[in-house]
Amino acid sequence: MKKSDLKTWILTLNAGSSSIKYSLFQYKGKLRVEEKGMVEKIGEESSYFEKSGGRKIKVKAQNHGQALGVILKDLLGKIDSPSSLYGVGHRVVHGGEKFKDSVIINSRVLKTIKKFSHLAPLHNPPAIVVISACMNLLKSVPQVAVFDTSFHQTIPERAFIYALPYKFYTRYRIRRYGFHGTSHRYVTIEAARRLGKDVSSLKLITCHLGNGCSITAVDKGKSVDTSMGFTPLEGLVMGTRCGDIDPAIIFYLAQRGYKLEEIEEILNRKSGLLGISGISNDMRIVEKKMRKGNTRAKIAYEVFVYRLAKYISAYLGILGGADAVVFTAGIGEHQRRVREDVKKILNPILRKCGTRILVIPTNEELMIAKEVLRLLK
Ligand code: ADP
């Protein structure tokens, strides 16, 4: 057997601020996930390694480099040698305006990703550490970066420019970037497959409703508008993020004595479902409490559903109708009541446009592995 025949493994890595998640795929004509796992609580005393279906094992992971070491050591038990890896796919949150597509990583690419760290300070730096470590430890294995922002690089200027002095765009690159692109792209392709149509003939509205929530208008397979903006704070109501608010609220709070960092923390971590309900960021709990008659849970739920319906109808408007509204991620896939209540509000317009509702489980890891295959072929 030729050595290249052995290169059937693809590894995907998703580095967050305090975790690394991985998936190991085998490619034999088709991609099949063989194993998933993660190292969590990196930098803390209590860091642990967990494979899906397995138990938590306490490990030493003071930093992302050590955490990657733990994962690779475990994987080598399965894949024999790093040389049997076909490629590694990295989730990178921010690719700025530079990366309109996934890319094979070299030192120049890595340098450019570093340049965008200030745009995603919690996410790009750990990804950079993990990519650099992989380039050192797995020298002969190609590394691919898949960006959350790249799917949205087709959004036209009229949708990505904020109505601020234009120099803020030219000088600081303040604009709508959009996020969750890998998920929106995956469900777009999957929706076309399910509808038995070519993606180029479809208008879709894809709703990624997890802890973070975003919605995208997709025309002929291309993102033409999305609800997250310069950061993932804009748009829909989320678990702990406020989404759209009047920016003047920030000045008002500052005048009331709140510090800027406090306001940032409140808008990102203490708002959304959690902020309104005062109970939880978890839609399952909010919905349950609402059913039991809790008033604040009901307000949180209704604000969430109303904002979502408002965005869907705006996107139906700019697309001139849609073939389908696609729901994905935790809430989108599992919270039937949210879909039904959105449908109740929008039924007349959905009927008029002949718009179907689809539920498609997202699979960002599979999308990343497919990108590795596409780029390295
Ligand atoms: P993340 O954005 O962190 O990947 P998820 O996609 O898992 O998060 O979404 C989390 C949200 O989805 C929570 O509000 C949770 O209530 C909801 N959710 C997740 N799983 C389920 C489920 N099986 N049934 C109902 N709701 C779920």
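Residues numbered from 1 in each chain as written. Predicted model: local features only at pLDDT ≥ 70, side-chain atom pairs only at ≥ 80, totals over all residues. Heavy atoms only, no water.

### Here we look at empty space enclosed by the protein
Then, number 1: Overall, the coordinates contain 1 cavity of 30 Å³ or more when judged by the stated rule.
Then, number 2: When its volume is computed, the largest cavity comes out at roughly 50 Å³.
Then, number 3: Forming the boundary of the largest cavity are Ile161, Tyr162, Leu164, Pro165, Tyr166, Phe168, Tyr169 and Ile174.
Then, number 4: In the lining of the largest cavity, the residues fall into 8 nonpolar, no polar and no charged. (1 Å grid on protein atoms, 1.4 Å probe; cavity = no way out; pocket = protein on both sides within 12 Å on 5 of 7 lines; lining within 4 Å. Points joined across faces, edges and corners; volume = space filled by probe spheres on them. Nonpolar A, V, L, I, M, F, W, Y, C, P; charged D, E, K, R; others polar.)

### Some thoughts on the confidence of the model for the protein chain
Then, number 1: Confidence in the prediction for the protein chain averages 95 pLDDT; 98% of positions are at 70 or higher.
Then, number 2: Scored below 50 in pLDDT, residues 1–5 makes 2 contacts in the model with residues more than four places away or belonging to other chains. (pLDDT = per-residue confidence, 0-100. Contact = heavy atoms within 4.5 Å.)

### Quick word on the nonpolar core
Soluble globular proteins tend to pack their nonpolar side chains together in the buried interior.
Then, number 1: Counting 51 residues, the largest nonpolar core has Ile205, Phe304, Leu308 and Ile312 as its most contacted members.
Then, number 2: If we skip the residues at most four places from it in the chain, Ile205 touches Ile215, Thr216, Ile312, Tyr315, Leu316, Leu319, Ala322, Ala324, Val325 and Val326.
Then, number 3: Core analysis: the second largest hydrophobic core is formed by 26 residues, Tyr22, Leu68, Val70 and Leu75 among them. (Core = buried A, V, L, I, M, F, W, Y, C linked by side-chain atoms within 4.5 Å. Buried < 20%, exposed > 50% of the residue type's maximum accessible area, 1.4 Å probe, protein only.)

### Examining the packing of helix 1 (residues 64–79) against helix 3 (residues 124–137)
Then, number 1: It is the contact of helix 1 with helix 3, at a shortest axis distance of 9 Å, that shows an interaxial angle of 50 degrees. Overall, the two elements helix 1 and helix 3 adopt an arrangement that is oblique. Handedness of the crossing formed by helix 1 with helix 3: right-handed. Two secondary-structure elements touch here, helix 1 through His64, Gly65, Leu68 and Leu72 and helix 3 through Pro126, Val129, Val130, Ala133, Cys134 and Leu137. (Axes fitted to C-alpha atoms, helices over the stretch in contact; angles between N-to-C directions. Helix = DSSP H or I, 4+ residues; strand = E, 2+ residues; numbered from the N terminus. Parallel < 35°, antiparallel > 145°, perpendicular 65-115°, else oblique. Left-handed = near helix turned anticlockwise from the far one by under 90°.)

### Quick notes on the sheet that holds strand 2 (residues 20–27)
Then, number 1: Here 8 strands make up an open sheet; going across it, the order is 5-4-3-2-1-6-8-7 and the pairing mixed. Of all the strands in the sheet, just strand 5 (57–58) and strand 7 (103–104) have a single pairing partner and so form its edges.
Then, number 2: The strands touched by helix 1 within the sheet are strand 1 (9–15), strand 2, strand 3 (31–40), strand 4 (48–51) and strand 6 (85–92), with strand 2 carrying the most contacts at an inclination of about 25 degrees.
Then, number 3: Packing of helix 3 onto the sheet brings it into contact with strand 1, strand 2, strand 6 and strand 8 (143–147), and relative to strand 6 it is tilted by some 165 degrees. (Pairing = 2+ DSSP bridges.)

### A closer look at helix 10 (residues 283–291)
Then, number 1: Listed as buried for helix 10 are Met283, Val286, Glu287 and Met290. One side of helix 10 holds all its buried residues, which, seen down the axis, span an arc of 95 degrees.
Then, number 2: Lining the buried residues of helix 10 we find helix 9 (272–277), helix 11 (295–319), helix 12 (329–334) and helix 13 (336–353).
Then, number 3: Of the residues flanking the start of helix 10, the one acting as N-cap is Asp282, its side-chain oxygen 2.9 Å from the backbone nitrogen of Arg284.
Then, number 4: Trailing helix 10 by a residue or two, Gly293 shows a phi angle of about 100 degrees, which is positive. (Arc of directions from axis to C-beta. Polar contact = N/O pair within 3.5 Å; in protein donor to acceptor, adjacent residues only side chain to side chain.)

### Re the site of the ligand
Then, number 1: Taken together, the residues surrounding the ligand are Gly210, Asn211, Gly212, Asn281, Asp282, Met283, Arg284, Ala329, Gly330, Ile331, His334 and Gln335.
Then, number 2: A distance of 3.1 Å is found between an oxygen atom of the ligand and a backbone nitrogen or oxygen belonging to Ile331.
Then, number 3: Protein contacts shield 65% of the accessible area of the ligand, which totals 570 Å² for the unbound molecule.
Then, number 4: Where the shell around the ligand is concerned, the elements lending two or more residues are helix 10 and helix 12.
Then, number 5: Each residue belonging to the shell around the ligand can be placed in one class, and the counts come to 3 nonpolar, 7 polar and 2 charged. (Near = heavy atom within 4 Å. Areas by Shrake-Rupley, 256 points an atom, 1.4 Å probe, with all protein chains shown as cover.)

### What to know about the pattern of salt bridges
Where charged atoms from two side chains of opposite charge approach closely, those side chains can pair.
Then, number 1: Considering all chains together, one arrives at 22 salt bridges under this definition.
Then, number 2: A salt bridge links Glu287 to Arg291, with the shortest nitrogen-to-oxygen separation between them at 3.2 Å. Note that Glu287 and Arg291 are positioned in helix 10 at a spacing of 4 residues, about one turn of the helix.
Then, number 3: Via salt bridges that share partners, Arg32, Glu34, Glu35, Lys51, Asp74 and Lys78 belong to a single interconnected network. (Salt bridge = Lys/Arg side-chain N within 4 Å of Asp/Glu carboxyl O.)

### Digging into the sheet that holds strand 10 (residues 213–219)
Then, number 1: Reading across the sheet, the 5 strands line up as 11-10-9-12-13 and stay open at both edges, with mixed pairing between neighbours. The open sheet is flanked by strand 11 (222–226) and strand 13 (356–359), the only strands paired with a single partner. On average, adjacent strands in this sheet sit at an angle of 25 degrees to one another, irrespective of strand direction.
Then, number 2: Here strand 9 (residues 203–209) runs beside strand 12 (residues 324–328); their pairing, made up of 5 bridges, is parallel. Residue Cys207 lies in a different strand from strand 12, and its bridge partner there is Phe327.
Then, number 3: In the packing of helix 11 onto the sheet, contacts are made with strand 9, strand 10, strand 11 and strand 12, and the angle to strand 10 comes to roughly 15 degrees.

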